Amino acid sequence: MPNVADYVLDRLLRWGVTRIFGYPGDGINGFLGALDRASDRIDFVQVRHEEMAAFMACAHAKFTGEVGVCLATSGPGAIHLLNGLYDAKLDHQPVVAIVGQQARAAIGGHYQQEVDLLSLFKDVASEYVHMASTPEQARHLVDRAVRIARVERTVTCLIFPNDVQELDAQEPPRRHGTVHSGVGMSHPIVVPTGDDLRHAADVLNTGKRVAMLVGAGALHSAEEVVEVAETLGAGVAKALLGKAALPDDLPWVTGSIGLLGTKPSWNLMNDCDTLLMVGSSFPYSEFLPAEGQARGVQVDIDGRMLSLRYPMDVNLVGDSAATLRALLPLLNRKSDRSWRQTIERDVAEWWKVLEARAMNDADPINPQRVFWELSPRLPDNCILSADSGSTASWFARDLKIRQGMMASLSGTLATMGPGVPYAIAAKFAHPSRVALALVGDGAMQMNGINGLVTVAKYWRRWSDPRLVVLVLNNRDLNMVTWEQRALAGDPRFPASQDIPDFPYARFAEELGLLGLRVDRPDQVGPAWDRALTADRPAVLEAVTDPNVPPLPPHISFEQARMFASSVLKGDAEALGFIKQTVKDAAESFLK
Ligand SMILES: Cc1ncc(C[n+]2csc(CCOP(=O)(O)OP(=O)(O)O)c2C)c(N)n1
Ligand SMILES: [Mg+2]
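Residues numbered from 1 in each chain as written. Chains lettered and ligands numbered in written order. Predicted model: local features only at pLDDT ≥ 70, side-chain atom pairs only at ≥ 80, totals over all residues. Heavy atoms only, no water.

Asker: Teacher, can you tell me more about the overall build of the protein chain here?
Answerer: For the protein chain, the helix and strand inventory stands at 22 helices and 18 strands. Referenced to the eigenvectors of the C-alpha coordinate spread, the extents of the protein chain come out at roughly 75 × 60 × 45 Å. The buried share of the protein chain, reckoned over its 591 residues, is 59%. Across the protein chain, contacts joining residues at least 24 apart in sequence account for 75% of those joining residues at least 6 apart. When the accessible surface of the protein chain is summed, it comes to about 22,800 Å², and 52% of that surface belongs to carbon and sulfur atoms. A gap of 3 Å separates the mean positions of the 58 positive and 70 negative side-chain charges of the protein chain. (Helix = DSSP H or I, 4+ residues; strand = E, 2+ residues; numbered from the N terminus. Buried < 20%, exposed > 50% of the residue type's maximum accessible area, 1.4 Å probe, protein only. Contact = heavy atoms within 4.5 Å. Areas by Shrake-Rupley, 256 points an atom, 1.4 Å probe, with all protein chains shown as cover. Lys, Arg positive; Asp, Glu negative; His and termini not counted. Charge placed at Lys NZ, Arg CZ, Asp CG, Glu CD.)

Spelled out as structure tokens, the structure:
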């Protein structure tokens, strides 16, 4: 006789779930027994820390488009999930969390590991969090948790007291007070109506200098974005989560935007008279056109995200690909291509600036060089993850992504820690593709080192074993160091910013992985070649210079003032970072 946990897994299977990321505990033991019995149908991936199970479930959703599922025990295990679940919620990914709870008879008794889980998950799983109290609920709890996660592209949570998990499974009886739900749903393709499309086309046809900004919502509509941009003679900037939406070798793609952005994106937004935003909630309005400067059209599948960062003239709820496809016949090809030519010149020059910056010498290795050398070596169809830190800047700016690749990071929560777990989830979902995690030493010490233990446990299962973790060993929490200087005007605070050294490459070797450590620029290219052709996962540890600024594309007067203030207040690294900043800035002025 199947118990409730068996029943829940069976129901999840009917929804297409075949992998669960999690960690055991006596609050969830009923499910572990059931997972053992279902092990030929559902894969259980054991993590080092529940936060990483939630990151993996989020990454699974990001890299497959399916619902991600994570599982944890009551109390501490449930609490550990939270940060990863918020990552999924804020980046609009469908994730279902399954957590245990104390037995029904103990709840409310200040029992061991008893936490008010309904309250704990109330915010992160605001669309749906429920606790099962009888077996008859299991069916609709699962059906609703999965369906709502998918429809709302968000996090839902199911709580199972440990005694309920072990009760005999029950279908709801046919009587008053029961719920009879079912499995499955279609994927609608939402397209705005004709009048709204015509209105949007009018705005876009009237504009002379059209800028586009695309985000995660455009990841499946490269072809349509290209056609629209060609027709309108537009340049296209990409929000971080939309990095893989368009290849970077298109001459009118200006790359990333914002604090981690490029100069051509900055110019594009400042000089345009029309903005077409597709599938993005890029947060920083100061990097968009000034209010009143440009007329705007926005396309988003979620009406809540419309006119959130810039007051648009036309707000279209729709699927990006289908909406752009429907717009195309209404758009006139712009005959004056001078705006487009300006953008292309800007982009071509910018790539030269980036190359020159990457080749500047530094002490010992310039981090931009590490990314610049990786760029042409990126394997076809690889899957990239980056962590929060300076790695996100270099990922955003220096890597030329090509068609067929995928790339993600914690876009909206911008949390540290997901780089390595995202790459692991990518390998489980796509074992024949190469995964790369690009992380700082701070992030590596937070989750990455432990994540390597998980890599060592599982890599032999992957048909192509290549998973490469790049660690920038700069012994600094560098991104925040620069924020202290440029945004707060404070000198670097060694007590908070110094990161202890750690032998990342040697540790990888201890685990049976390939470990490579480079501390000279000429070693970087060959090390990438070795890591990317290895017969096992690899850690490439690059000793890099913390004084190379992950500079914003333009330095505002205010930031320059703050910067000067940090020097005057006695930043111990002042000489080093001034030298590197001048080198980088010189490259931009010379071009
Ligand atoms: C969980 C969490 N804690 C703190 C931060 C703030 N933060 C953002 S980037 C960063 C520094 C990252 O340092 P490291 O991983 O070494 O990368 P680096 O910038 O040095 O390349 C910090 C502390 C955060 N985003 N998330
Ligand atoms: Mg660091």
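Asker: What is the right way to look at the pattern of salt bridges in this model?
Answerer: Pairs can form between side chains of opposite charge once their charged atoms are near each other. For the structure on display, the rule yields 37 salt bridges. Here Arg-461 makes a salt bridge to Asp-43, at a shortest N to O gap of 3.1 Å. With a gap of 418 residues between them, Arg-461 in the loop between helix 16 (441–458) and strand 16 (467–473) and Asp-43 in strand 2 (residues 43–46) connect regions that are remote in the sequence. A relative accessible area of 49% means that Arg-461 is categorised as partly exposed. Two residues, Arg-492 and Asp-476, come together in a salt bridge whose shortest N-O distance is 2.8 Å. With a gap of 16 residues between them, Arg-492 in the loop between helix 17 (478–486) and helix 18 (494–497) and Asp-476 in the loop between strand 16 and helix 17 connect regions that are remote in the sequence. Judged by its relative accessible area of 4%, Asp-476 falls in the buried class. One network of salt bridges, in which partners are shared, links Glu-127, Glu-152, Arg-153, Asp-302 and Arg-304. (Salt bridge = Lys/Arg side-chain N within 4 Å of Asp/Glu carboxyl O.)

Asker: How should I be thinking about the packing of aromatic side chains in this particular structure?
Answerer: This model, assessed by the stated rule, comprises 12 aromatic pairs. Ring geometry for Phe-63 versus Tyr-422: centroids 6.4 Å apart, planes at 85 degrees, classification edge-to-face. Of this pair, Phe-63 sits in helix 3 (residues 50–64) while Tyr-422 is found in helix 15 (residues 419–429), placing the two residues 359 residues apart along the sequence. The exposure class of Phe-63 is buried, given its relative accessible area of 6%. What makes Tyr-422 buried here is its relative accessible area of 0%. (Phe/Tyr/Trp six-rings, centres within 6.5 Å; stacked < 30°, edge-to-face > 60°.)

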